[in-house]
Amino acid sequence: MKPLTHKQFDKLARELFGTVLAPHGFTCDASRHCTFTRQIGDDIVHVIMPDPGTRCVWYDVHVFPTSPRLDEDFAERFPDSLGNTLDVWGKLSETTGIGMDQQRFTCKYESNMRDRFTKTVAGLLRNIAIPFLDTIRTYDEILPHLRGPFARFNGK
């Protein structure tokens, strides 16, 4: 059994995450990797991005809302190079939901990535990530969540 490459990770993540996210309007068609986005009107984009570690033995999941109004280079950076508007507070985990806890999910081999996704990640997407993003439908609703360099848009 060979460890996954980054290219294999992207392909498998597209498949696994797509089964959960597509029914909720997410797509990764515009991504070179496996960044899933959902357009909400003209102003809001919801992003769910599985992000493998450098050796592709684990990954974490970034969850954040964004807007073209927050980045003048939005169109050029969309979707794979957008900044996480929640900064380090945009990680998906069992303990904090969407927060600072960077939970790592195994992906060294296809079999353990599939198993961990089925047992843990799929439920976190359905029960935490999607409901969190569902609460952010307008530009004004995004503002209280902005962190890091994006916080300047909320007067912080």
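About the cut-offs
- Residues numbered from 1 in each chain as written.
- Predicted model: local features only at pLDDT ≥ 70, side-chain atom pairs only at ≥ 80, totals over all residues.
- Heavy atoms only, no water.
- Helix = DSSP H or I, 4+ residues; strand = E, 2+ residues; numbered from the N terminus.
- Buried < 20%, exposed > 50% of the residue type's maximum accessible area, 1.4 Å probe, protein only.

Undergrad: Lay out unusual backbone geometry in plain terms, naming residues and giving numbers.
TA: Omega for the peptide link from Phe 78 to Pro 79 comes to -10°, which places this bond in the cis form. You can see Pro 79 is positioned in the loop between α2 (74–77) and β4 (91–93). Backbone geometry places Cys 56, a non-glycine residue, at a positive phi of 60°. Residue placement: Cys 56 occurs in the loop between β2 (44–52) and β3 (58–66). For Cys 56, a relative accessible area of 1% gives the class buried. Phi angles above zero are rare outside glycine, and Asp 87 is one such case at about 55°. Along the chain, the position of Asp 87 falls in the loop between α2 and β4. The exposure class assigned to Asp 87 is partly exposed, which follows from its relative accessible area of 30%.

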